[in-house]
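# Geometric and topological summary
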Amino acid sequence: MNTIALPALEKPWAQEVRTDPRLLFDIAHAVGGPFHVVYPEQFADNLRAFQAVLDGRGLHGQVYFGKKANKAGCWLPRVAELGGAVDVASAPELVHALAHGIRGRDIGVTGAAKSEELLWLAVRHECLIAVDALDELDRIAALARADGPARILLRVLPPGAPHSRFGLSPGDLHQALIRCATLRDHLDMTGFSFHLDGYAVAPRAQLCWGMVEFVAKARAAGLAARAISLGGGFACRYLADEDWEAFTRDRTADWFHAGKTFDKFYPYAQGPTGAAMLDAVLATEFDGVPLARQLRDNDIRLFLEPGRSLLIDAGFSVFPVQGFKRNDDHGITTVGGLSMSVSEQWKGSEFLPDPILLPRNPAPESRPIASCVGGASCMEYDVLTWRKIRFPQPPAAGDLLIYPNTAGYQMDKNESEFHQLPLPPKVVVTRADGRWQWSLDR
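Predicted, not measured: the structure shown is a model, and the values here were computed from it.

On to the overall build of the protein, then. When helices and strands are tallied, the protein shows 13 helices and 19 strands. By its C-alpha atoms, the protein is 75 × 45 × 45 Å across when sized along the principal axes. Within the protein, buried positions represent 55% of all 442 residues. Partitioning the contacts of the protein with sequence separation of at least 6, the portion at a separation of at least 24 is 72%.

Time to look at the UniProt feature "active site" (unreviewed entry) in the protein. Under the UniProt annotation, "active site" (unreviewed entry) lies at C378. Along the polypeptide, C378 turns up in the loop between strand 15 (369-374) and strand 16 (383-391).

This part covers the nonpolar core. Burial of nonpolar side chains together is a common tendency in soluble globular proteins. The biggest cluster of nonpolar side chains holds 87 residues, and the ones touching the most others in it are I152, L154, M189, F192, L282 and L295. In terms of residue count, helix 9 (residues 201-220) provides more of this core than any other element does, nine residues in total. Those residues in contact with L282 that lie beyond four places of it in its chain are V53, L54, R57, L59, P290, L291, A292, L295 and L302. In this structure, F247, F256, I312 and V342 belong to the second largest nonpolar core, which totals 32 residues.

Opposite charge on two side chains allows them to pair when their charged atoms are near. Tallied over the entire structure, the rule returns 18 salt bridges. The closest approach of N and O atoms between R105 and E126, which form a salt bridge, is 3.0 Å. In this pair, R105 is assigned in the loop between helix 5 (91-99) and strand 4 (107-109) and E126 in the loop between helix 6 (116-124) and strand 5 (128-131), connecting sequence segments 21 residues apart. One salt bridge connects R124 with D147, and the closest N-O pair in it is separated by 2.9 Å.

Glancing now at the domain arrangement of the protein. Here the protein is partitioned into domain 1 (12-39 + 314-440) and domain 2 (40-235 + 271-310). Taken over C-alpha atoms, the centre of domain 1 sits 35 Å from the centre of domain 2. On the domain 2 side, the residues contacting the 17 residues of domain 1 number 13 residues. Roughly 1200 Å² is buried in total at the junction of domain 1 and domain 2, and carbon and sulfur atoms are behind 56% of that figure. Of all residues in domain 1, Y39, Y409 and D412 give up the largest surface area on contact with domain 2, accounting jointly for 45% of the area buried on that side. For the pair domain 1 and domain 2, the interface holds one salt bridge. A salt bridge links K71 to E415; the nearest nitrogen and oxygen atoms lie 3.1 Å apart. Counting every contact that joins domain 1 to domain 2 gives six residue pairs in polar contact (both at pLDDT 80 or more). For the side of domain 1 that touches domain 2, the element with the most residues is strand 18 (residues 426-432), which contributes three residues. Residues belonging to the side of domain 1 that touches domain 2 are distributed by class as follows: 10 nonpolar, two polar and five charged.

Bringing the UniProt feature "domain: Orn/DAP/Arg decarboxylase 2 N-terminal" (unreviewed entry) in the protein into the picture now. As annotated by UniProt and renumbered to match this structure, "domain: Orn/DAP/Arg decarboxylase 2 N-terminal" (unreviewed entry) occupies residues 46-244. Span residues 46-244 is 44% helix and 17% strand, its end C-alpha atoms 23 Å apart.

A word on the packing of aromatic side chains. On inspection of all chains with the given rule, the structure shows 22 aromatic pairs. Considering the side-chain rings of Y199 and Y266, the 5.5 Å spacing of their centres and the 75 degrees angle between planes classify their relative orientation as edge-to-face. Placement of Y199 in the loop between strand 7 (187-193) and helix 9 and of Y266 in the loop between helix 10 (241-250) and helix 11 (274-283) is noted, with a sequence separation of 67 residues between them. Y199 gets classed as partly exposed once you look at its relative accessible area, which sits at 28%.

Residues A91, E93, L94 and A97 constitute the buried set of helix 5. Down the axis of helix 5, the buried side of the element spans an arc of 165 degrees, and every buried residue falls inside it. When the buried face of helix 5 is taken as reference, the exposed residues oriented beyond 90 degrees from it are P92 and A99. Those residues of helix 5 that are buried are in contact with helix 4 (75-81), strand 3 (85-88), strand 4 and helix 6. Its side-chain oxygen at 3.1 Å from the backbone nitrogen of E93, S90 defines the N-terminal cap of helix 5. Positive backbone phi, approximately 95 degrees, marks G101, located one or two places after helix 5.

Calculation notes
- Residues numbered from 1 in each chain as written.
- Predicted model: local features only at pLDDT ≥ 70, side-chain atom pairs only at ≥ 80, totals over all residues.
- Heavy atoms only, no water.
- Helix = DSSP H or I, 4+ residues; strand = E, 2+ residues; numbered from the N terminus.
- Buried < 20%, exposed > 50% of the residue type's maximum accessible area, 1.4 Å probe, protein only.
- Contact = heavy atoms within 4.5 Å.
- UniProt positions renumbered as here; feature names shortened; annotations may be inferred.
- Core = buried A, V, L, I, M, F, W, Y, C linked by side-chain atoms within 4.5 Å.
- Salt bridge = Lys/Arg side-chain N within 4 Å of Asp/Glu carboxyl O.
- Domains from an automatic or database assignment.
- Buried area = accessible area lost by both parts, 1.4 Å probe.
- Polar contact = N/O pair within 3.5 Å; in protein donor to acceptor, adjacent residues only side chain to side chain.
- Nonpolar A, V, L, I, M, F, W, Y, C, P; charged D, E, K, R; others polar.
- Phe/Tyr/Trp six-rings, centres within 6.5 Å; stacked < 30°, edge-to-face > 60°.
- Arc of directions from axis to C-beta.

Here it is as structure tokens:
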């Protein structure tokens with residue numbers, strides 16, 4: 001059987017919910033199709049962990065939930081309760097955050113060439129706007145004359161990514177500082193921001209250290225400049241090291257339906273992750289001085305914008321099985337719903353943690369079967385899992401297939417209503433009186 005097991009790391013809550021005798025089948029019956037299960041309490045634990053690192057390092061700052069990573073509303077009241085913040089990049093996202101109790105001053109606005117509606121709302125609600133270009137700075141200043149002052153960060157083009165379409169080049173950054181000084185009655189220049197691709201500690205620490213000098217120059221020009229935002233990109237872990245190492249070492253095209261190959265995969269086992277990665281960034285030393293001390297000594301607040309790493313272990317996706325057939329040395333399982341609701345298609349890749357079969361009628365005497373997993377559309381490429389998965393028995397219509405740990409981007413980054421199929425709803429689970437309860441997310 002040409003396959004390899006990649007069992008997902010699961011939190012106890014997820015194991016309890018999926019092994020509850022009838023809970024997921026009852027939800028499937030109620031919604032009539034695929035759905036996503038989300039657990040806000042795990043999200044809250046993840047947020048607290050980041051906040052604890054800032055507190056432990058003696059830093060003032062703010063953790064902004066990168067809202068693009070998941071559209072559910074259930075996370076936002078937890079952000080409000082815990083004194084967090086939300087990062088948005090569209091007017092609907094901003095309105096959604098406000099409607100779920102997030103104050104305007106606790107909303108950050110990012111993205112390139114923001115719409116006039118988004119900037120107007122952001123200025124009126126005192127949101128913190130990451131300025132990406134000189135013309136955008138001029139547009140914000142015009143709005144601020146009527147509704148301001150406007151709170152802004154100047155987003156810096158990373159030296160290692162000169163071709164990025166985000167951030168102010170060194171020349172534009174110099175001009176922006178001059179304009180901010182001239183318009184200080186209308187612009188509250190709060191500091192600087194940046195975002196780096198990848199998940200490495202050292203580049204983030206290096207760039208954040210270098211921006212302390214930017215803060216000093218801005219203050220010398222009479223600007224407030226009291227914060228640095230180091231963006232997101234905090235690593236996550238989905239698999240055990242030994243499983244990931246075996247996959248990357250031994251992978252062959254035979255493990256995938258039709259010999260499918262991929263150029264790259266998300267690093268499903270890596271470290272440090274999440275809040276521990278933030279701590280590692282802050283512990284990085286330059287000439288014997290940790291970054292955290294440098295920020296403290298210069299009275300600089302630290303902002304960060306994690307998305308996926310606040311959602312790790314906070315949800316999974318469920319697809320009803322519609323059919324199964326054999327094909328050469330393996331089977332093809334077809335589920336209700338589309339690959340766009342769970343796959344890594346947006347990165348031309350594959351979501352690798354093993355899906356878990358939940359049979360309606362368990363057959364302990366059955367022989368295991370390897371199978372890929374396809375979606376319900378008529379498109380050849382609509383495949384949730386190209387890799388041949390070892391299931392304990394052949395999937396059958398009426399079974400459920402669970403994709404673990406999908407809350408960060410997988411659930412809705414690439415979703416589609418192709419074939420007029422409705423988008424899978426998000427089901428919020430809570431624990432009360434010794435049992436699990438569920439409701440639809442708003």
